[in-house]
Amino acid sequence: METRRVASFDGTDIAYRVTPPPFAGAKTVVLVNGLGGSYLAWRAQIEYLSDQYRFITWDYRGTYASKRPSPDAPDAYAVANHVRDLEAILAVEGVQHGSLMAWSMGVQVALEAFRRLPGFAANLVLLNGTYRRPLETMGPLPGVGRLFPPLVDLAARAHTAATRVTRRSLGPPDAGIWLQRMGLLGKALDREVSAERLEPLGQLDMEAFLRNLRALGTHDAEDVLEQIDVPTLLIAGDRDTFTPRALTQSMARRIAMSEILVVRGGTHTTAIEFPELVSLRIERFFADHGF
């Protein structure tokens, strides 16, 4: 993917990546990352589908190659601002219509984009995500999510230490072991694939990451679900402890034109663990709906 840059609505320098169009008139798929996830999380889907589609993705403000906003106020990381960053990218690339494909907390951003960019989305592909206040809905047991907001606040106050701990603990192989125990990675995931996806995490600016996380934690897109009037594919893993499949099933019941795939053995990184299955299902979904 080629890296490009754009100045967003408030002057924030945003890094984004594109693949070349495989042919004239190829349709665009916008990849909406999970928080802390890089474009590498989509490697399998890009490799499988790049002969049919053009892909665009971006680093959220303050993460990886994108700069922090100035002034660096907490509200500068609001989900709506991520959508405005995407809007700036689409404008400079001349893209007016495409698919929104989102993973994890990127599902919140995609739902907000559907709200704020009317007519853009030809369809939605939503993987391992939720639709309201992610910090409260995460977790396998009711009420567990309420523990996350105060923990995030505590980590934000100690962000320098959090950065040191993150960079130390996310070095392979320790990161894979801990993430498997948390249900964020499947035990069958190839070690080389796991290492490639995890390596960028150690470079995160944890203060910006935690500000993004706090902003995402207050975001609610529940009212968007019943407004969705385009084909929507929902993908969940039956072993996802962060965004349990019940959340995906709840979304499916409220989105009129939805289809659902529950992957047996899939955790929070279903698309990485089962790349062929997920890529084939997405390809079929696009074909079934003329995209």
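Keep in mind it's a predicted model, so treat the numbers as computed, not measured. (Residues numbered from 1 in each chain as written. Predicted model: local features only at pLDDT ≥ 70, side-chain atom pairs only at ≥ 80, totals over all residues. Heavy atoms only, no water.)

Peer 1: Help me understand the overall build of the protein in this model?
Peer 2: Each helix and strand in the protein was counted, giving twelve helices and eight strands. Split into buried and exposed, the 291 residues of the protein put 56% on the buried side. The long-range fraction of contacts in the protein, counting pairs at least 24 apart against all pairs at least 6 apart in sequence, stands at 78%. For the protein, the exposed area adds up to about 13100 Å²; of that, 53% sits on carbon and sulfur atoms. (Helix = DSSP H or I, 4+ residues; strand = E, 2+ residues; numbered from the N terminus. Buried < 20%, exposed > 50% of the residue type's maximum accessible area, 1.4 Å probe, protein only. Contact = heavy atoms within 4.5 Å. Areas by Shrake-Rupley, 256 points an atom, 1.4 Å probe, with all protein chains shown as cover.)

Peer 1: Explain the nonpolar core here, please?
Peer 2: Most often, soluble globular proteins keep nonpolar side chains buried together rather than apart. Core analysis: the biggest nonpolar cluster contains 48 residues, and Val32, Trp58, Leu100, Leu111, Leu126, Ile228 and Met251 have the highest contact counts within it. Those residues in contact with Met251 that lie beyond four places of it in its chain are Val107, Leu111, Leu126, Gly129, Thr130, Tyr131, Leu225 and Leu234. One finds Leu31, Leu233, Ile235 and Ile282 within the second-largest nonpolar core, a separate group that totals 24 residues. (Core = buried A, V, L, I, M, F, W, Y, C linked by side-chain atoms within 4.5 Å.)

Peer 1: What is the right way to look at the sheet that holds strand 2 (residues 13-18) in this model?
Peer 2: Strand-to-strand pairing in sheets goes through backbone hydrogen bonds, with the strands running parallel or antiparallel. The strand order across the open sheet formed by eight strands is 1-2-4-3-5-6-7-8, and the pairing between neighbours is mixed. Every interior strand has two partners, whereas the edge strands, strand 1 (2-7) and strand 8 (258-263), have only one. Neighbouring strand axes in the sheet, compared pairwise and without regard to direction, differ in orientation by 20° on average. The pairing of strand 6 (residues 121-127) with strand 7 (residues 232-237) spans four bridges and is classified as parallel. Residue pairing for strand 7: Leu127 is matched across the bridge by Ile235. Running at roughly 165° to strand 7, helix 10 (residues 245-254) makes contact with strand 6, strand 7 and strand 8 of the sheet. (Pairing = 2+ DSSP bridges. Axes fitted to C-alpha atoms, helices over the stretch in contact; angles between N-to-C directions.)

Peer 1: Is there a simple way to explain helix 10 in this structure?
Peer 2: Three or four residues apart is the spacing at which side chains of an α-helix point the same way, because the helix has 3.6 residues per turn. Among the residues making up helix 10, those that are buried are Leu247, Thr248, Ser250, Met251 and Ala252. Turning to helix 10, the residues buried within the fold contact helix 3 (106-116), strand 6, helix 4 (134-137), strand 7 and strand 8.

Peer 1: What is the right way to read the pairing of strand 4 (residues 54-58) from this model?
Peer 2: Residues in a regular strand point their side chains to alternate faces of the sheet. With five of five residues buried, strand 4 is to be regarded as a mostly interior element. Of the two faces of strand 4, the one holding Arg54, Ile56 and Trp58 and the one holding Phe55 and Thr57 are both buried throughout. Of the pairings in the sheet, the one linking strand 2 to strand 4 comprises three bridges and is antiparallel in character. Within strand 4, the residue paired with Arg17 across the bridge is Thr57.

Peer 1: Honestly, unusual backbone geometry in this entry has me stumped. Any pointers?
Peer 2: Leaving glycine aside, a negative phi is the common case for residues, and trans is the common case for peptide bonds. A cis amide bond, omega 0°, links Ser70 with the succeeding residue Pro71. Residue position: Pro71 is located in the loop between strand 4 and helix 2 (79-93). A positive phi angle is found at Tyr64, which is not glycine, with a value near 50°. Relative to the helices and strands, Tyr64 is located in the loop between strand 4 and helix 2. Here the phi dihedral of Asn128 falls at roughly 50°; this positive angle occurs in a residue that is not glycine.

Peer 1: It is not clear to me how the environment of Thr248 should be interpreted in this structure. Could you clarify?
Peer 2: If you trace the backbone, Thr248 turns up in helix 10. Since its relative accessible area comes to 2%, Thr248 is described here as buried. Through-space distance from the C-alpha of Thr248 to that of Leu261 is 9.4 Å; in sequence the pair is 13 residues apart.

The values are spatial; any link to function lies outside them.
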